[in-house]
Structure formats: structure tokens, C-alpha cells
Amino acid sequence: MTRPATQIAKRHGIIFILSAPSGAGKTTLYHRLRKAYPEIKLSVSCTTRARRKGEVNGQDYRFITVEQFEAMKSHGAFAEWASVHGNSYGTPRKPLDHSVQSGRDILLDIDVQGARQIKQVYPNAVSIFLLPPSLRELRRRLAARGTDGKEIIRRRLANAQDEIKERIYYDYYVVNREVNEAVRVLSSIVEAERSKVSRVTDWRIDSLHQRAR
Ligand code: 5GP
């Protein structure tokens, strides 16, 4: 995978947002993207939801109380926040601003409400929506998750269909038909966004110009 030409051009860090309805395979792709681009920082959200088995505090999320969340909210500590499935989630503002300023790209795994807020505050952020290849495949993936009853699967499918409607507010969509293919498309989005002339804040090739004259 090629890396940005940091010697030639300096730019701000890019905020990449990845959202997906459940069943689209976001977790797998998120990890694959991390592997391909280990230099991309991961935003660690704060949440009031209970920690699940295997989750690490400070790594997967910062697990905080409702009171702590409200205090952070009132201090303007979140770049965005939303209520998802009855719990509060928020993206801490400081690490985000620090990444942008220091030229380090950062990846946010947030829902559609959060993506909209981030785009308002950081218009240069890049939002990507992951789609399942078909409704039939989505149904199959949701049903394959465990031993859930028909009613739960039906509700999850209805939720996912509502979430899919929000795709039109994103910059890019990626269809997760096959993981390697989806990673390839995601990677090309990262590369293209990194290569945008409009993102460059400082060209470092003036000396090359002079030598060529
Ligand atoms: P889970 O609780 O299953 O980890 O995540 C539930 C949903 O919350 C996912 O769609 C995830 O993308 C979203 N989410 C996680 N962190 C944040 C956040 O900081 N802000 C927003 N708006 N959504 C988040």
C-alpha cells in the first residue's frame, strides 16, 4: 500500500467516518482497514452503555456514567454525541482536533446521527457508508448471528432498513459483497482523499522547481 508523500506535501489530518447498518460487516472491515493503515488513529468514543465481555475500557470505548457523560457534554468535550439504542455515545473533541492539526488521519466508527454532526463541524471529513449487497443477504447475516427469535431478527432487519435510508447523506458508499473487494474500495477512498491537492497546506517541492530551471 502506498503512503502519502509527506516529504513533498504537508496537510491536515483527515477525519474518516465509517458507518453501517448492523449486518453490513463493519467490524471485520474496520479491523482490516486498521491492518492496512496502522498509522490511522482510532477515535475512542465515550459511552454510557455497559461494557460487553472482551471489551477493554479505554480501547474499545471509555465506559462512563450518565452523570460523567452529561458533565462532558455541558463542557463541550464532545465533537458530536448521540443516543443509540437507549445509550449515549460521544466522540471526544480534543484527540480529534489534535489529529487534524498534527496531520494524522483518524477513523471514527459512529452512527448516522454522529456522522451528520461531524460533517457540520468538520466539512472536510470523509464519510463512508457500508452497505450489504442485498436485503436477502442482510436478512441471512442477521439470522446467522445467533439463536435469536424470528421477532428479534425482524426488528433488526427493520432497523437496518431505516439506517440504510441515511446513505444519501454520505460522501461514499461501499458494498460489502466480499471482504477483500470492500477493503480494496475503502483503501482507494483513503488514497484518493490523501492525494487531494486542496488538502495540502504546505508544498515542499519548491527546491525541485529551482533545480529544474
Ligand atoms: P455498539 O454499542 O454496538 O458498540 O455501537 C452501537 C452503535 O453506536 C454503532 O452504530 C456505532 O457506530 C455507534 N457509535 C459508537 N460510538 C459512537 C459515537 O461516539 N458517536 C455516535 N454518534 N455513535 C457511536
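We now turn to the structure provided with this report.

Here is what the cut-offs are and how they apply
Each chain carries its own residue numbering, running from 1 in the written order of its sequence. Only residues with pLDDT of at least 70 are given local features in this predicted model, and only at 80 or more are side-chain atom pairs given and counted; all residues enter the totals for whole chains, interfaces and linings. With hydrogens and water set aside, each side-chain value is computed from the structure's full complement of heavy atoms. Strands are runs of DSSP state E lasting at least two residues, helices are runs of H or I lasting at least four, and both sets are numbered from the N terminus onward. In this analysis, strands are considered paired if DSSP registers two or more bridges between them. Working rule for contacts: check all heavy atoms of both residues, and any pair within 4.5 Å makes them a contact. Only the contacting stretch of a helix is used when fitting its axis, a line to C-alpha atoms as for every element, and angles between N-to-C directions run 0 to 180 degrees. Accessibility here uses a 1.4 Å probe with only protein chains present; expressed as a share of the type maximum, an area under 20% marks a residue as buried, one over 50% as exposed, and anything in between as partly exposed. Being near a molecule or strand, for a residue, means having at least one of its heavy atoms within 4 Å of it. Side-chain atoms alone can form a polar contact between residues adjacent in sequence; in general such a contact is a pair of N or O atoms within 3.5 Å, and within protein one must be able to donate a hydrogen while the other accepts it. The Shrake-Rupley method, run with a 1.4 Å probe sphere, supplies the accessible areas, and residue values consider only the shown protein chains as cover. Residues are grouped as follows: nonpolar covers Ala, Val, Leu, Ile, Met, Phe, Trp, Tyr, Cys and Pro; charged covers Asp, Glu, Lys and Arg; every other residue, Gly included, is treated as polar. Any angle that falls under 35 degrees is termed roughly parallel, while one over 145 is termed roughly antiparallel, one within 65 to 115 roughly perpendicular, and all others oblique. In a left-handed crossing the near helix is turned counterclockwise from the far helix by less than a right angle, and in a right-handed crossing that turn is clockwise.

So, about the environment of I152. Along the polypeptide, I152 turns up in helix α6 (residues 150-164). Taking the C-alpha atoms as reference points, I152 and L142, ten residues apart in sequence, are found 9.6 Å from one another.

All right, on to the sheet that holds strand β4 (residues 46-47) then. Strand pairing in a sheet takes place through backbone hydrogen bonds and is either antiparallel or parallel in direction. Read from one edge of the open sheet, four strands run β5-β4-β7-β6, paired in mixed fashion. A single partner strand is all that each edge strand has here, and the edge strands are β5 (62-63) and β6 (78-84). Here two bridges tie β4 to strand β7 (residues 87-92), and the two strands are oriented antiparallel to one another. By the bridge assignment for β7, T47 is matched with Y89. This element, helix α2 (residues 66-74), spans β4, β5, β6 and β7 of the sheet and lies at about 140° to β6.

The strand order across the open sheet formed by five strands is β3-β8-β2-β9-β10, and the pairing between neighbours is parallel. The two strands at the open ends of the sheet, each matched to only one other strand, are β3 (41-42) and β10 (172-175). In the sheet, β3 pairs with strand β8 (residues 106-109) via two bridges, with the strands oriented parallel. Within the sheet, the bridge partner assigned to L42 lies in β8 and is L107.

With that out of the way, let us pick up unusual backbone geometry. With glycine set apart, most residues show a phi of negative sign, and most peptide bonds adopt trans. Even without a glycine there, the phi angle at H85 is positive, about 50°. Mapped onto the secondary structure, H85 falls in the loop between β6 and β7. Owing to a relative accessible area of 64%, H85 belongs among the exposed residues under this scheme.

To continue, consider the site of the ligand. Around the ligand lies a shell of 15 residues, among which S45, R49, Y61, E80 and Y89 are the nearest. Between the ligand and R49 there is a distance of 2.6 Å, counted from an oxygen atom to a side-chain nitrogen or oxygen. Taking D109, its side chain carries an N or O atom lying 2.8 Å from an oxygen atom of the ligand. For the ligand, the protein covers 86% of the area, taking 520 Å² as the surface of the free molecule. Contributing elements (two or more residues each) for the shell around the ligand: β6 and β7. Broken down by class, the residue content of the shell around the ligand amounts to five nonpolar, four polar and six charged.

Across the interface, helix α5 (residues 135-143) lies against α6 with an axial gap of 10 Å and an inter-helix angle of 135°. Classified by the angle their axes make, α5 and α6 are oblique. The handedness of the crossing between α5 and α6 comes out as right-handed. Packed against α5, whose contacting residues are L135, L138, R139, L142 and A143, the element α6 presents I153, R156, L157, A160, Q161 and I164 at the interface. Classifying every residue of the contact of α5 with α6 gives eight nonpolar, one polar and two charged.

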